[in-house]
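# A look at the structure
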Amino acid sequence: MALCLGASIVSLAQNNNPEKLDTVVLDTKTPIARKNSGKTVITIDKETLENSPGQSVAEVLNTVSGIEINGARSYDGQNLNYYVRGGRNRQVVIMVDGVQLNDPSHIANDYDLRLVSASSVEKIEILKGASSVLYGSGAATAVINITTKKASKEPIAATISSTLGTNRPTESDKNTKLQAFTSHATVNGTLNNFFYNANFSNRYTDGLSALAAPKGEALFESDVFNRYDGRINLGYHISEDITVSQFFSFDKFKAGFDNFDFTDAEFRSISEQLKTGGHFEWNYKNGTYIFNDTYTWIEREIASGFPSKYDSDSYTFDTYINHRFTNQLQVVVGLNGNFSSFNSFSIPFGETDFNQDVDEDTAKFNIIDPYVNAVYISDFGLTVNAGARLNIHSVYDTHLVYNVNPSYAFGLGNNTLKVLGSYSTAYITPSLFQLYDPLYGNEELIPEENTTIEGGLEFASEEGFRVSALYFNREEKNYVDFVTIDPDLFISQYLNIDETFNTSGIEVEVYKKFGKKVTVQANYTNTQADERFALRIPEHKANASIGYKVTERVFLGLDYQYVSEREDTFFSQDTFMNEDVTLESYGLLNFKINGQVTKNLKLFAGVSNILDEEYEELYQYQTRGRNIHTGFTLNL
C-alpha cells in the first residue's frame, strides 16, 4: 500500500530535510534536540546491541529503568509479562519500524516479543508514560519502538553470526553441554537508487525445563525451544527526498511446556506469523510526510490437556505530516487505524475434533483515530509539547485523550539542567477475546482509562555525565477484570469494575564516561504498585554496568542486576485454593568480552549469572544458572 501511495504523490517533492543531530523523535514524532525533549526517551543503540550477543530483545529491555519483563530469565519458551511501571502487557505498545503490532487472539491483545530476533535489530527506543495521543490504544505505561537494520551503502554486503552456549539451571551441576544455538545471516546493499535487505535467523535451546522439579527429586525433562525467522525489505529512493519500501517476513517458534499443576508434561506451543508492510517518506522544505503500514497474520496452537487453536488478522496503518511553521513551532497531524479479527477453536470435553468457539465474522473491530500534536520550542529554554487524539471505535462510543508536557532547560555553562513535567491520558481498548469469548466475553465493555502525572530533573554535561530522577503516578479507571459472578456454578465474566487504582514510583539514572575507554551507568526503580496488581512486581530493582575499551579492538563489560522480593500466587492441589507466596530477592552478575580480530571478524564470549544464583521469576518455574556462550560475527 505504501508503494502505491508513494507513486501517487511523487511529483509533489520538494527538497532539503533539516539535519538531525543528537535528536529524539519518539516522544513527539518531531525531531528535536534531546535537551528540548520533555521526556526521558531511552535509546538502546547499535553498539550496545552488538555488545550483547546471544541475548533476546526481552533480556536487553530488562536492563532499562522501570521495566521488568517477567519470563526473560527462564527457558526461552516462557510466556513474557511486560511489567512496566507496575502495569501489564495490555498497557504497553510494541512497534517495529514505527508501526504498532498486536495479536487479536491474545487476551491482552499484546504482541509477543519472542517473535522478534535481536540479531535483526538496529536500535530500540523506549518512551515511558501515557502516550496514547501519538500511539493509540495500550500506550499507557510504555511505547517500545524496535528499528530493524538498514541496508549497506555498498552494492552487496553480507554478515554471518553464530552463538553457542550452555543452557543449564542452577539445580544441575553436571550439565555443561552446549545446548543454546543462535545463527543469523544477512545479505544487503544499495544499487544506485534501489536498496535491499534479506536476513534469516534461528534460535534453538535445550537443557531447561519450564517447571522446576520439587526439591530432592530428579530434574524434569527439558523443554525444547526452536524459532526461525526471515525477512526481506526492498526499497527505492525515488529522489533525494522521497523513499518507498516494502517488506515481507515470516516467524515461527515451537516451545515445549509443562502442566499447570506443577507436574512434568510433554505439551507444546506453536506460533507462526506472516507479515508484510510498507514505508513511504517524503521530506519537503518545511517538513515530512510519512505513511507506514503492516498486515499481520498469526496462527497459534496449544497442544496440551486443553488443546486449542487460534488465528488472527490485523492491519495497522499510521500516516502523518510533520510541518514546521516556524523555527519554534512544529505540528504533527495524523490518522492511525487498526482492523483486527480472530478465530478460536477447542476440543469439547469427551470429543476428539476441534470445534469453532469464536468466528472472525463476529470477533472483529475497527479503530480509526485522528490525532494532532504540537511542539513549541522557545529561545529562552521553555518547550511545550501538547496534543489530543479522538479514538473512534466500531464497538463503543468515541473517546478523547490528551497530553500536556512542558519542560524548561537551564544553561549552566557547558551543562544543562532540565526540569520536566507531564499530564497525559491513555486508553486501553478491550481485546476481542474479552468482548467475544463465548464463555467469558462481554460486548458491553468500555475502554480502560489511565492518567499519568510525571515530574523530574535531568542534568547533562558536555564531559559525558548525565543524571536524571523522575517521579510518576498513574491512576486507572474502568479496569477490565475477570470477575466470578457465581462461585457455586463457576460462572465468570469480564467486567469493568468501579474501583480506581493508583501506582507510583521513582526512576533514577546515572551515566558517566571516563575518557574514551571507560563507561559506567546505573539505574534504580522504586515501584509502589497497587496491591491488586503487585503480583511479581519488585518494589526495588537496580541495574549497574561498566564497560572498558582495553584497546580500539577489545571491549570488556561487567553488569549486575538486583531484583527485590515479589509476591506470587499459585493454585494448591492440596487445598484447591489460590495461595500466596513470597519470591526471594536475587542478584545476577554477568561478564562479556569481544574483540575485533580482523577488519571483518569479531569474536565474543560471556558468562551469565557468574555466582550461579538460584532464584524464581514465577513460583516453581525454572530459571537459568551459570552459563557461558561464545561466537563470532563475520562481515563479508
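Look above for the structure.
The sections below set out a description of the structure shown in this document. (Residues numbered from 1 in each chain as written. Predicted model: local features only at pLDDT ≥ 70, side-chain atom pairs only at ≥ 80, totals over all residues. Heavy atoms only, no water.)

Once that is clear, we can look at the sheet that holds strand S3 (residues 42-44). With mixed pairing, the five strands of this open sheet are ordered in space as S3-S8-S9-S6-S7. For this open sheet the edge positions go to S3 and strand S7 (99-101), each flanked by a neighbour on one side alone. Sheet twist, expressed as the average angle between the axes of neighbouring strands with direction ignored, equals 25°. (Pairing = 2+ DSSP bridges. Helix = DSSP H or I, 4+ residues; strand = E, 2+ residues; numbered from the N terminus. Axes fitted to C-alpha atoms, helices over the stretch in contact; angles between N-to-C directions.)

One finds Leu61, Ile69, Leu113, Ile124, Ile126 and Ile146 to be the most contacted residues of the largest nonpolar core, which totals 38 residues. Elements with a contribution of two residues or more to this core: S3, helix H3 (57-61), strand S4 (67-70), strand S5 (81-84), strand S6 (92-96), strand S8 (121-128), strand S9 (142-148) and strand S14 (242-257). Dropping the residues within four chain positions of it, Ile124 is found in contact with Ile42, Thr43, Ile44, Leu49, Val57, Leu61, Ile144, Asn145 and Ile146. In this structure, Met95, Leu134, Val332 and Val375 belong to the second largest nonpolar core, which totals 17 residues. (Core = buried A, V, L, I, M, F, W, Y, C linked by side-chain atoms within 4.5 Å. Buried < 20%, exposed > 50% of the residue type's maximum accessible area, 1.4 Å probe, protein only. Contact = heavy atoms within 4.5 Å.)

Across all of its chains, the model carries six cavities of 30 Å³ or more by this definition. Approximately 380 Å³ is the volume found for the largest cavity. As for the largest cavity, its lining consists of 33 residues, of which Val93, Asn102, Asn109, Ser137 and Gly138 are closest to the centre. Looking at the lining of the largest cavity, the elements that each hand over two or more residues are S6, S7, strand S18 (329-346), strand S20 (364-377) and strand S23 (415-428). (1 Å grid on protein atoms, 1.4 Å probe; cavity = no way out; pocket = protein on both sides within 12 Å on 5 of 7 lines; lining within 4 Å. Points joined across faces, edges and corners; volume = space filled by probe spheres on them.)

Right, let's get into the pattern of salt bridges. Evaluation of the coordinates by the stated rule reveals 27 salt bridges. As a salt-bridge pair, Lys39 and Glu454 come within 2.6 Å of each other at their nearest N and O atoms. Highlighted residues: Lys39 in the loop between strand S2 (32-33) and S3 and Glu454 in strand S24 (residues 448-461), separated in sequence by 415 residues. Just as Lys39 is buried, Glu454 falls in that class too. Across the pair Arg231 and Asp97 runs a salt bridge, and its minimum N-O distance is 3.1 Å. With a gap of 134 residues between them, Arg231 in strand S13 (residues 225-237) and Asp97 in the loop between S6 and S7 connect regions that are remote in the sequence. Under the relative-accessibility criterion, Asp97 is labelled partly exposed at 25%. (Salt bridge = Lys/Arg side-chain N within 4 Å of Asp/Glu carboxyl O.)

Inspection of the secondary structure puts Asn70 in strand S4. Overall, Asn70 belongs to the buried group, its relative accessible area being 1%. Separated by 3.0 Å, the side chain of Asn70 and the backbone oxygen of Glu617 make a polar contact. When sequence neighbours within four positions are dropped, the list of residues in contact with Asn70 reads Asn79, Leu80, Asn81, Tyr83, Arg536, Glu617 and Leu618. (Polar contact = N/O pair within 3.5 Å; in protein donor to acceptor, adjacent residues only side chain to side chain.)

Moving on, we get to unusual backbone geometry. Backbone geometry places Arg85, a non-glycine residue, at a positive phi of 50°. Within the element layout of this structure, Arg85 appears in the loop between S5 and S6. Judged by its relative accessible area of 2%, Arg85 is buried. Even without being a glycine, Gln620 presents a positive backbone phi close to 75°. By secondary structure assignment, the location of Gln620 is in the loop between strand S35 (601-608) and strand S36 (627-635). Taking relative accessible area as the criterion, Gln620 reaches 18% and is therefore assigned buried.

If you walk through the whole model with that rule in mind, you get 24 aromatic pairs. Where Tyr586 meets Tyr615, the ring centres are 4.3 Å apart and the plane angle is 25°; that geometry is what we call stacked. Here Tyr615 lies in the loop between S35 and S36 and Tyr586 lies in strand S34 (residues 586-596), a separation of 29 residues in the sequence. The class of Tyr586 is buried, set by a relative accessible area of 2%. Overall, Tyr615 belongs to the buried group, its relative accessible area being 8%. A cation sits over an aromatic face here: Arg466 above Tyr511, 5.0 Å from the ring centre. (Phe/Tyr/Trp six-rings, centres within 6.5 Å; stacked < 30°, edge-to-face > 60°. Lys NZ or Arg CZ within 6 Å of the ring centre and 35° of its normal.)

Scope: geometric values only; no functional claims are made or implied.
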